[in-house]
Amino acid sequence: MQSINLESKVNLSTVSDVITALQTIVRLARTIPGILDLETPYSRTTFPNANHCAIELKGQSISTIITERQHQLDKVLHDISGLQTVMDGIHTVQQQLVEQKNKIIESINLHKRLVSPLWRLPTEVLSQIFCHCLPQIPKLGELQPPSKLTVPMSLTRICRRWREVVVDMPNLWCVLFVEVDDGNWQQAAFGYDCWLKRARGRPLSLRLQFHADDHSTKIQRLLQPYISQISSLYVDFYDPNTPELDMFRDLLALEEMSVYFHDDISGSDTSVIISRSISQLPSTLCSFDVSGWLLDFDDLSSCNPVWAHLTKLEIAIWGAEDVLRLLQLAPNLSSLTIHIILLAGESLNPFTHTNLQTLHISCDPCDDESLDFCDLLDALSFPTLRVLTVHGVPEWPHEEFKAFLARSECPLESLIVGSVVADEQRAQYVALVPSFQFVSYPAPSIAGFAI
């Protein structure tokens, strides 16, 4: 191949000049003779024969031809190597151009956003919009693990400015689902920690899931820097051998807590351990949901003194006698949701609770000889009661309920029952309590128990 020297003719100062020069080289390369004429007197000879010697005497020897071909091959290989070097250089230039193209497109998009009304929104307005993007979660138990496809993570992936605004909004990072498993915990813990740091000291609402008895150590280590920020907590226990959670005693800002057990722990060693952990909860706790666990008298006593500070409670209890025990231990309750397993042979003493305003109650008789709801109703007085929901009572105890209203002298505003109440019965209730309203409502599922 002929050598082509364009260096003296072309100013290679820009990529465009390089491309022009290469195009010129390609055009000139097309005029270079192509395949060499490699024909010799021996080219058409298939097998050696006796005439070879005669041919060699008349023309070139075979060894001379081989030497010439080797020189030709060396030159072609050199040209191929040189061309490959040039092609590698061209490929590098192409990559640089692609990168430059992407940066130009990014710059165009950036400047297009600058003229967009959305881009000109003040940070304060964007912050308000982002707050309304947060999903509405009625209960922490319905919270799902964080995802790049949901707020707030999804907002950080739109553009640089949105990311800066979102990361700088602590109230977007105050709710988190933390699940411990035996996978890549180190990477997961790093992500959780980054999330919690963005809350910048704000009160935290957390849902925790334990799947093994060694997971509590991992969670305690993760949450230790934020222990004074946790105000709401929902804990899922999947392992029946859950160890004692020492971290509970340090939750000095805790106001709301729910615990749910996916295995029945009633009467087990686990119930003793959990009761001891619950008893260490701080006096700041005012709302507690332990409805996924049927408690008895011993459990109630072991969890004490947590009951004394509560104003809202969801719970399931073995026996009506223990209901009275609970009400004695929790004098500050204003809202109680309770599922009761009525037992036979229970003796109830009259009891008055002076602060209870909302009561959602469901009864489930243990057998045919179990205590009746009427007996429980006869023992209770609630002078401040405003809302009463009753389920699990097949036949509504009209006379007993009238006596309850008269005895309590409560400002009852609504009665929600799963039983049939006659119109004349309702009229009698209104005569006793003028603010009374009746709602017939199908029996729901309360606190994980089918009513």
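Data block above holds the structure.
Residues numbered from 1 in each chain as written. Predicted model: local features only at pLDDT ≥ 70, side-chain atom pairs only at ≥ 80, totals over all residues. Heavy atoms only, no water.

What follows is about the packing of aromatic side chains. According to the stated counting rule, one finds 9 aromatic pairs in the structure shown. The interplanar angle of 50° and the centroid separation of 6.0 Å between the aromatic rings of Trp185 and Tyr192 together place this pair among those described as tilted. The two residues Trp185 and Tyr192 agree in class, both being buried. In this structure, Arg198 packs its charged tip against the face of Trp173, placed 4.6 Å from the ring centre. (Phe/Tyr/Trp six-rings, centres within 6.5 Å; stacked < 30°, edge-to-face > 60°. Buried < 20%, exposed > 50% of the residue type's maximum accessible area, 1.4 Å probe, protein only. Lys NZ or Arg CZ within 6 Å of the ring centre and 35° of its normal.)

Moving on: the pairing of strand β6 (residues 312-318). Along β6, 5 of the 7 residues are buried, which leaves the element largely enclosed by surrounding structure. Relative to β6, strand β5 (residues 287-295) runs parallel, the two sharing 5 bridges. Its bridge partner being in β6, Asp289 is matched across the sheet by Glu314. Note that the unit made of β5, helix α9 (residues 297-303) and β6 has a crossover that is right-handed. Of the pairings in the sheet, the one linking β6 to strand β7 (residues 335-342) comprises 7 bridges and is parallel in character. (Helix = DSSP H or I, 4+ residues; strand = E, 2+ residues; numbered from the N terminus. Pairing = 2+ DSSP bridges. Right-handed = clockwise from strand over helix to strand, strands pointing away.)

Of all the residues in helix α5 (residues 160-167), the buried ones are Arg161, Trp162, Val165 and Val166. For α5, the angular spread of the buried residues around the axis is 130°, confining them to a single face. Those residues of α5 that are exposed and angled more than 90 degrees off the buried face are Arg160 and Glu164. Residues of α5 that are buried in the fold lie against α4 (123-133). (Arc of directions from axis to C-beta. Contact = heavy atoms within 4.5 Å.)

By secondary structure assignment, the location of Ser127 is in helix α4. The exposure class of Ser127 is buried, given its relative accessible area of 16%. At a separation of 2.8 Å, a polar atom in the side chain of Ser127 contacts the main-chain carbonyl oxygen of Thr123. Ignoring sequence-local partners within four residues, the contact set of Ser127 consists of Val165 and Met169. (Polar contact = N/O pair within 3.5 Å; in protein donor to acceptor, adjacent residues only side chain to side chain.)

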